[in-house]
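Per-entry structural report
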Amino acid sequence: MQSPPDGAGAPPAIEATDLVKTYPGGVRALDGLSFRVPAGTIFGLLGPNGAGKSTAVKVLTTLTRPDSGSARVAGRDVLREPAAVRRRIGAVAQKAGFDRELTGRENLELQGQVYGLRGRELSGRIDELLERLRLADAADRLARTYSGGMQRRLDIAIGLVHRPEVLFLDEPTTGLDPEVRAEMWEEITRLQRDEGITILLTTHYLEEADELASSLAIVDRGRVVAAGSPEQLKGELEGDALHLELEQPLDDGIVRRALERVGAVRELALDGRHLRARVDDGARALPTVLAALGESGVAVASVTVSRPSLDDVYLRYAGREFAKAEAEADQRTAEEVRR
Ligand SMILES: Nc1ncnc2c1ncn2[C@@H]1O[C@H](COP(=O)(O)OP(=O)(O)O)[C@@H](O)[C@H]1O
Ligand SMILES: [Mg+2]
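**Details of the pattern of salt bridges**
Any two side chains of opposite charge can pair, on the condition that their charged atoms come close. Evaluated as defined, the whole model comprises 26 salt bridges. With its nearest N and O atoms 2.5 Å apart, the salt bridge here joins Arg132 to Glu195. Here the residue Arg132 occupies a position in helix H4 (residues 119-132), and Glu195 occupies one in helix H6 (residues 178-195), the gap between them amounting to 63 residues. What you see here is one network of salt bridges that share partners, running through Arg125, Glu128, Arg132, Arg163 and Glu195.

Below is the structure:
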């Protein structure tokens with residue numbers, strides 16, 4: 001285990017312990033959810049639709065109470081000190097939170113006033129955020145004229161006006177096209193650095209959690225099924241996938257004999273010119289594999305080594321593929337609607 005990035009002893013920015021939440025109708029959205037978020041990091045709550053991510057965010061931002069369990073955010077207890085928690089956090093919901101008929105600046109002013117900010121302090125903070133979120137040129141236009149990406153950035157700016165210690169972003173890039181999503185990733189990384197805050201984001205995009213989160217919890221059916229840094233989680237999977245394309249189809253026996261001497265190769269499968277296998281450390285094993293094949297006169301046309309993806313991690317811990325879990329969740333939602 002690596003030591004946590006916040007250093008020993010520093011209290012986590014978020015600590016959720018055994019959260020349970022059942023909705024009327026019997027859906028158990030949270031089923032003993034626990035995780036910790038080191039201060040000053042970006043943490044990803046990754047799970048398919050219906051996993052309980054938004055419910056977790058609602059509990060942690062004091063919008064709803066759990067049936068049982070406890071949580072601390074920015075050093076305060078969400079159940080006993082909800083007002084203190086609210087002062088220390090910013091929350092950007094899945095749905096837009098701004099007033100479409102006000103300008104960007106007016107939206108920010110309104111939000112600042114809610115938190116008791118006035119005068120130069122407020123206008124200075126607003127200018128800073130407009131600049132930081134690349135909205136300065138559009139500041140005095142009505143928010144309804146903003147593009148999708150700009151609207152999302154305005155939502156984030158609103159969440160930051162009162163300088164929260166912890167920012168919650170619920171599915172910050174859902175519905176954005178890929179180009180705008182990539183911009184948003186940069187934005188979020190920069191914010192964490194410049195504002196020095198802790199960010200919890202939820203996502204059902206594996207690559208988003210991989211790209212942004214220094215640590216993450218994979219959530220399935222209201223529980224954490226795996227937690228760690230993306231690298232740790234992927235590292236726990238056994239080995240890399242090796243795919244070699246041979247110059248010509250060869251007899252299985254020749255290839256097997258050649259590779260028998262390379263101990264690390266497992267699950268060898270040869271199909272015509274395509275050779276697939278798993279190895280512990282692809283980058284390290286590859287030269288040995290190629291040398292062994294070369295000595296046996298096996299010519300190789302191309303090689304790929306792929307690291308395990310978070311999808312592989314999910315498959316291992318949740319027992320089914322991510323896309324399949326999404327489909328199941330959609331099915332459940334359809335059934336709930338019909339009932
Ligand atoms: N207000 C609600 N009433 C009843 N069921 C709900 C409500 N909100 C969410 N659910 C159900 O709880 C489960 C978790 O939902 P949610 O927390 O929104 O998951 P996610 O954000 O991961 O998609 C789902 O099965 C969803 O249908
Ligand atoms: Mg959600």
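**Here's the deal with the sheet that holds strand E4 (residues 68-73)**
If you trace the four strands from one edge of the open sheet to the other, you get E2-E1-E4-E5, paired in antiparallel fashion. Either end of the sheet is taken by a strand with one partner, and the two such strands are strand E2 (28-37) and strand E5 (76-77). Taken together, the five bridges between strand E1 (residues 14-22) and E4 define a ladder with antiparallel strand orientation. Pairing of Thr17 across the sheet is with Ser70, part of E4. In this fold helix H1 (residues 53-60) packs onto E1, E2 and E4, with an angle of close to 65° to the strand it touches most, E2.

**Brief notes about the coordination of the magnesium ion (ligand 2)**
The magnesium ion (ligand 2) binds to the protein through Ser54 (OG) and Gln94 (OE1); the donor distances cover 2.1 to 2.5 Å. Linking Ser54 in helix H1 with Gln94 in the loop between strand E6 (89-92) and helix H3 (104-114), this pair joins segments that are 40 residues apart in sequence. Accessibility expressed as a relative area gives 21% for Ser54, which makes it partly exposed.

**Notes on H1**
Taking burial as the measure, the eight residues of H1 include six buried ones, the bulk of the element. Backbone geometry just after H1 places Thr62 at a positive phi near 65°.

**Considerations on the site of ligand 1**
Surveying the vicinity of ligand 1 reveals twelve residues, the closest of which are Gly50, Gly52, Lys53, Ser54 and Thr55. Separating an oxygen atom of ligand 1 from a side-chain N or O atom of Lys53 is a distance of 2.9 Å. Taking Thr55, its side chain carries an N or O atom lying 2.5 Å from an oxygen atom of ligand 1. Top element by residues in the shell around ligand 1 is H1. It accounts for three residues. Of the residues contributing to the shell around ligand 1, the split by class is five nonpolar, five polar and two charged.

**Focus: the side chain of Glu171**
Structurally, the position occupied by Glu171 is in the loop between strand E7 (166-170) and H6. The exposure class of Glu171 is buried, given its relative accessible area of 3%. Reaching out from Glu171, the side chain makes a polar contact with the side chain of Thr174 at a distance of 2.6 Å. Apart from residues no more than four positions distant in its own chain, Glu171 is found in contact with Asn49, Lys53, Gln94, Arg152, Thr202, Thr203 and His204.

**A short note on the pairing of strand E8 (residues 198-203)**
Along E8, six of the six residues are buried, which leaves the element largely enclosed by surrounding structure. As defined by bridge partners, strand E3 (residues 42-46) adjoins E8 across five bridges and the pair is classed as parallel. Across the sheet, residue Gly44 finds its bridge partner in E8, namely Leu201. Sheet analysis places E7 next to E8, joined by five bridges and oriented parallel. Paired with Asp170 across the two strands is Thr202, which belongs to E8.

Calculation criteria
Residues numbered from 1 in each chain as written. Chains lettered and ligands numbered in written order. Predicted model: local features only at pLDDT ≥ 70, side-chain atom pairs only at ≥ 80, totals over all residues. Heavy atoms only, no water. Salt bridge = Lys/Arg side-chain N within 4 Å of Asp/Glu carboxyl O. Helix = DSSP H or I, 4+ residues; strand = E, 2+ residues; numbered from the N terminus. Pairing = 2+ DSSP bridges. Contact = heavy atoms within 4.5 Å. Axes fitted to C-alpha atoms, helices over the stretch in contact; angles between N-to-C directions. Donors = N, O, S within 2.8 Å, 3.2 Å for Na, K, Ca; no water. Buried < 20%, exposed > 50% of the residue type's maximum accessible area, 1.4 Å probe, protein only. Near = heavy atom within 4 Å. Polar contact = N/O pair within 3.5 Å; in protein donor to acceptor, adjacent residues only side chain to side chain. Nonpolar A, V, L, I, M, F, W, Y, C, P; charged D, E, K, R; others polar.

Keep in mind these values describe shape, not function.
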